[in-house]
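Coordinate inspection notes
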Protein chains: 2
Amino acid sequence: MAETQKIDLLAPALRRSQDAGNPCAACSVREMSICGVLNDVEIKELTAIITNLTQDPHDTIIDEGEAADYLFNVTSGAVKLYKLLPDGRRQITGFLFQGDFLGIAMNDIYAYSAEAVTRVTLCRFPRRKLEALLDRFPQLESRLLRMASNELVQAQDQMLLLGRKTAKEKVCSFLLSLYRRRTLHEGRNAAVPVPMSRADIGDYLGLTTETVSRTFTALKATGTIRLREGGRVEIPDVEQLQELAEGG
Amino acid sequence: MAETQKIDLLAPALRRSQDAGNPCAACSVREMSICGVLNDVEIKELTAIITNLTQDPHDTIIDEGEAADYLFNVTSGAVKLYKLLPDGRRQITGFLFQGDFLGIAMNDIYAYSAEAVTRVTLCRFPRRKLEALLDRFPQLESRLLRMASNELVQAQDQMLLLGRKTAKEKVCSFLLSLYRRRTLHEGRNAAVPVPMSRADIGDYLGLTTETVSRTFTALKATGTIRLREGGRVEIPDVEQLQELAEGG
DNA sequence: CGGGATCTTGAGGATGCTCAACGCTAGTGG
DNA sequence: CCACTAGCGTTGAGCATCCTCAAGATCCCG
């Protein structure tokens with residue numbers, strides 16, 4: 001069993017080919033998500049409780065304040081998480097992509113709403129059943145704790161950004177995080193896809209649409225970035241962007 | 001030697017009460033913290049790995065970027081967590097009080113620095129040893145996950161504050177959270193202690209010292225708050241403060 | 001090809017910042 | 001016992017960044 005795990009961890013590409021009867025066994029994001037700590041036998045139990053969903057752009061996935069009955073795994077596409085003030089002001093607290101887990105931050109009720117940015121595919125876990133599995137598979141709980149810990153680290157960074165960075169630094173930090181996110185999993189070095197709107201970026205960075213747009217224009221003018229078709233952004237000099245992101 | 005440390009470990013008020021051989025059994029914040037899920041036998045194992053510390057105001061507890069070798073429990077006093085930009089700009093990401101846990105947000109290295117605001121007493125856990133205990137006491141891991149989950153919820157709220165609230169709303173939200181924090185554990189309804197400086201409050205809310213001071217003055221002028229001796233703040237009408245905190 | 005949504009650009013203005021001075025309090029040492 | 005100093009808090013004046021409001025440009029999908 002430990003042997004099986006090692007093989008799974010080391011050879012995700014191979015694993016995909018076999019076991020067509022178990023969707024999770026073939027899941028392309030299994031290693032990135034909580035499922036990566038389970039072996040094939042355990043995965044079958046997980047498979048038994050999940051539902052696969054597809055959502056179109058602007059579809060709501062969860063609503064802040066509702067009972068947190070489900071958790072999700074993003075298997076493809078992009079999701080935005082946000083909170084609203086009574087008068088409609090919005091703060092996007094994060095974007096989720098392939099492999100990200102949705103729903104750790106809750107206290108019986110969801111702490112934020114979630115909406116599809118692009119077309120999205122999701123695994124849905126009923127929370128009660130997942131919690132039952134956590135009791136039986138402690139490594140699943142460890143994994144969740146580690147993910148929550150990482151999310152907290154990211155949240156700290158975002159607070160620093162929101163509270164203390166200038167508009168230019170915010171936009172550069174944002175592009176840098178998209179860039180790193182991308183190159184972490186895929187080695188590619190081409191233009192970074194930026195699937196979300198200027199308004200979404202603004203609500204994520206604590207800026208207005210107009211300021212985001214102006215900042216993009218300014219970064220383009222200085223050659224820091226180049227805008228490509230399909231909303232992709234090319235970054236000629238990542239180190240320069242890094243400098244700009246921290247006020248260098 | 002170890003015995004001396006253990007005695008230090010005790011919450012001061014309870015130091016002379018029962019079970020002097022097991023400081024945690026008498027700890028006044030036990031139920032509020034991770035230790036609350038362990039029975040007396042299990043607590044003894046926890047006791048064996050902890051060290052008690054006292055820190056004076058401005059003493060550093062952990063440094064961002066250092067190896068995360070220890071986790072802490074705050075048993076009394078107040079602690080601030082913060083991150084710095086290269087040019088010295090500072091964002092305080094949170095304040096910790098009695099019963100709060102310090103160190104969940106890390107990824108082998110600390111994600112932020114921590115410094116004593118008032119005189120503080122702490123339980124220190126070596127991380128490796130705590131993790132070994134987690135394997136043996138799954139309910140401890142569950143508890144940590146739940147705490148991390150709650151911390152994430154708070155982090156989302158703070159992002160909304162930093163990104164989208166006005167100075168007045170920020171200060172009111174801050175006072176409200178101090179008020180709630182206080183009345184949650186102690187039923188008292190008197191003036192709320194505000195032990196941190198205006199500069200700290202500013203760095204927590206993404207404002208300058210001057211703006212915080214001006215906002216306090218304005219709130220005082222409208223009768224929303226009253227400043228009492230010892231940095232305490234009296235809140236005559238909590239509902240009004242709540243309204244102001246959300247832009248009502 | 002049309003039309004709604006998104007993005008960009010411009011002009012003016014407000015919120016909160018910078019810089020500066022002053023007051024208050026507490027601790028210190030003559 | 002009190003002047004002195006250092007740290008913190010308050011207040012003021014001017015200003016910069018980013019927001020608001022508005023209009024035009026571009027994109028995308030039917």
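Check the entry above for the structure.
All figures in this text were calculated on a predicted structure; none of them were measured in a lab.

Calculation rules
Residues numbered from 1 in each chain as written. Chains lettered and ligands numbered in written order. Predicted model: local features only at pLDDT ≥ 70, side-chain atom pairs only at ≥ 80, totals over all residues. Heavy atoms only, no water. Helix = DSSP H or I, 4+ residues; strand = E, 2+ residues; numbered from the N terminus. Rg over C-alpha atoms; globule rule 2.2 N^0.38 Å. Contact = heavy atoms within 4.5 Å. Areas by Shrake-Rupley, 256 points an atom, 1.4 Å probe, with all protein chains shown as cover. Salt bridge = Lys/Arg side-chain N within 4 Å of Asp/Glu carboxyl O. Least-squares fit on C-alpha atoms with pLDDT ≥ 70 in both. Disulfide = S-S within 2.5 Å. Buried < 20%, exposed > 50% of the residue type's maximum accessible area, 1.4 Å probe, protein only. Near = heavy atom within 4 Å. Polar contact = N/O pair within 3.5 Å; in protein donor to acceptor, adjacent residues only side chain to side chain. Nonpolar A, V, L, I, M, F, W, Y, C, P; charged D, E, K, R; others polar. Phe/Tyr/Trp six-rings, centres within 6.5 Å; stacked < 30°, edge-to-face > 60°. Lys NZ or Arg CZ within 6 Å of the ring centre and 35° of its normal. Pairing = 2+ DSSP bridges. Expected span 1.5 Å × (residues − 1). Axes fitted to C-alpha atoms, helices over the stretch in contact; angles between N-to-C directions. Parallel < 35°, antiparallel > 145°, perpendicular 65-115°, else oblique.

Examining the overall build of chain A
- The helix and strand tally for chain A stands at 9 helices and 13 strands.
- A globule of 248 residues ought to have a C-alpha radius of gyration of about 18 Å, and chain A, at 19 Å, matches this closely.
- Across its three principal directions, the C-alpha atoms of chain A cover 55 × 40 × 30 Å.
- Contacts in chain A between residues at least 24 apart in sequence constitute 69% of all its contacts with a sequence separation of at least 6.
- With an accessible surface of roughly 11,200 Å², chain A has 51% of that area assigned to carbon and sulfur atoms.

As for the pattern of salt bridges
All names here are of chain A.
- As enumerated under the stated definition, the model contains 34 salt bridges over all chains in all.
- Residues R30 and D40 are paired through a salt bridge, measuring 3.2 Å at the closest nitrogen-oxygen approach. Of this pair, R30 sits in the loop between α2 (12-17) and α3 (40-49) while D40 sits in helix α3, placing them 10 residues apart in sequence.
- Across the salt bridge formed by K83 and E64, the nearest N and O atoms sit 3.3 Å from each other.

A word on the relation of the copies chain A and chain B
- Of the two same-sequence chains, chain A is brought onto chain B (RMSD 0.1 Å, axial shift 0.0 Å) by a rotation of 180°. The operation mapping one copy onto its partner corresponds to a two-fold rotation axis.
- Interface overlap between copies: 100% of the residues of chain A at the interface are likewise at the interface in chain B, consistent with a symmetric, same-surface contact.

Looking at the state of the cysteines
Residue and element names in this part refer to chain A.
- Counted by the stated rule, this structure contains 0 disulfides over all chains.
- Unpaired in terms of disulfides, C24 finds its nearest cysteine sulfur in C123, a separation of 5.7 Å.
- Assessed through its relative accessible area of 8%, C24 is described here as buried.
- Here C35 stays unpaired: no disulfide links it, and the sulfur of C24, its closest cysteine neighbor, is 5.9 Å away.
- Using a relative accessible area of 6% as the deciding quantity, one classes C35 as buried.

Some details on the protein's contact with DNA strand D
- Every one of the 14 residues lining DNA strand D counts as a neighbour, but E210 and T211 of chain A together with S213, R214 and T217 of chain B are closest to it.
- Measuring from a phosphate oxygen of DNA strand D, one finds a side-chain N or O atom of T208 of chain A at 3.2 Å.
- R198 of chain B is positioned such that a nitrogen or oxygen atom in its side chain is 2.8 Å from a phosphate oxygen of DNA strand D.
- It is helix α7 (residues 209-221) of chain B that provides the largest number of residues to the surface near DNA strand D, a total of 4 residues.
- Residue composition of the surface near DNA strand D, grouped by class: 2 nonpolar, 7 polar and 5 charged.

Side note on unusual backbone geometry
Residue and element names in this part refer to chain A.
- If you check the backbone angles, D108 has positive phi at about 70° while not being a glycine.
- Along the polypeptide, D108 turns up in the loop between β7 (106-107) and β8 (109-110).
- A relative accessible area of 42% means that D108 is categorised as partly exposed.

A short note on the packing of aromatic side chains
- Overall, the coordinates contain 8 aromatic pairs over all chains when judged by the stated rule.
- Ring plane angle 40° and centroid distance 6.0 Å describe the contact between F101 of chain B and F125 of chain B, whose orientation is recorded as tilted. Of this pair, F101 of chain B sits in strand β6 (residues 101-102) while F125 of chain B sits in strand β10 (residues 120-126), and the two are 24 residues apart along the sequence.
- Each member of the aromatic cluster is reached from another via a ring pair, and the members are F95, F174 and Y204 of chain A.
- Lying across the ring of Y70 of chain A, R124 of chain A places its NZ or CZ 4.1 Å from the centre.

Some remarks on the sheet that holds strand β12 (residues 226-227) of chain B
Residues and elements named next belong to chain B.
- On the basis of which strands lie adjacent, the open sheet formed by 3 strands has the order β11-β13-β12 and antiparallel pairing. Unpaired on one side and paired on the other, β11 (192-193) and β12 mark the two borders of the sheet.
- Sheet topology note: the β12/strand β13 (residues 232-234) ladder contains 2 bridges and is antiparallel. Paired with R226 across the two strands is E234, which belongs to β13.

A few points about the pairing of strand β9 (residues 113-116) of chain A
All names here are of chain A.
- Neither face of β9 is exposed, since S113 and E115 on one face and A114 and A116 on the opposite face are all buried.
- As judged from the 4 bridges shared by strand β4 (residues 79-84) and β9, these two strands associate in the antiparallel manner. Within β9, the residue paired with V79 across the bridge is A116.

Observations regarding the protein's contact with DNA strand C
- Close to DNA strand C lie 14 residues; S213, R214 and T217 of chain A together with A167 and T211 of chain B are nearest.
- Protein-proximal atoms of DNA strand C, defined as those within 4 Å of the protein, fall in sugar or phosphate at a share of 61%.
- Contact between DNA strand C and S213 of chain A: a phosphate oxygen at 2.7 Å from a side-chain N or O atom of the residue.
- Contact distances for DNA strand C include 2.9 Å between a base nitrogen and a side-chain N or O atom of E210 of chain B.
- Looking at the surface near DNA strand C, the elements that each hand over two or more residues are α8 (209-221) of chain A together with α7 of chain B.
- Residues of the surface near DNA strand C, tallied by class, amount to 2 nonpolar, 7 polar and 5 charged.

Some remarks on helix α4 (residues 138-164) of chain B
- Compared with an ideal rise of 1.5 Å per residue, which puts 27 residues at 39 Å, α4 of chain B spans 39 Å between its outermost C-alpha atoms and is within 8% of the ideal.
- Within α4 of chain B, 19 of the 27 residues are buried, which leaves the element mostly enclosed by the surrounding structure.

Points about the packing of helix α6 (residues 167-185) of chain A against α8 of chain A
Residue and element names in this part refer to chain A.
- Interaxial distance between α6 and α8 falls to 10 Å at its minimum, and their mutual angle equals 75°. Classed by the angle they form, the pair α6 and α8 counts as roughly perpendicular. Together, A167, K168, V171, C172 and L175 of α6 and T211, T215, F216 and L219 of α8 make up the contact between the two elements.
- Per-class residue counts for the contact of α6 with α8 are 6 nonpolar, 2 polar and 1 charged.

Brief notes about the pairing of strand β3 (residues 70-76) of chain B
Residues and elements named next belong to chain B.
- For β3, the buried fraction is high: 6 of the 7 residues fall into the buried class.
- Here β3 runs beside β10; their pairing, made up of 6 bridges, is antiparallel. Bridge assignment links Y70 to a residue of β10, and that residue is P126.
- In this sheet, β6 lies alongside β3 in antiparallel orientation, the contact comprising 2 bridges. Each bridged residue has a counterpart across the sheet, and for F72 the counterpart in β6 is L102.

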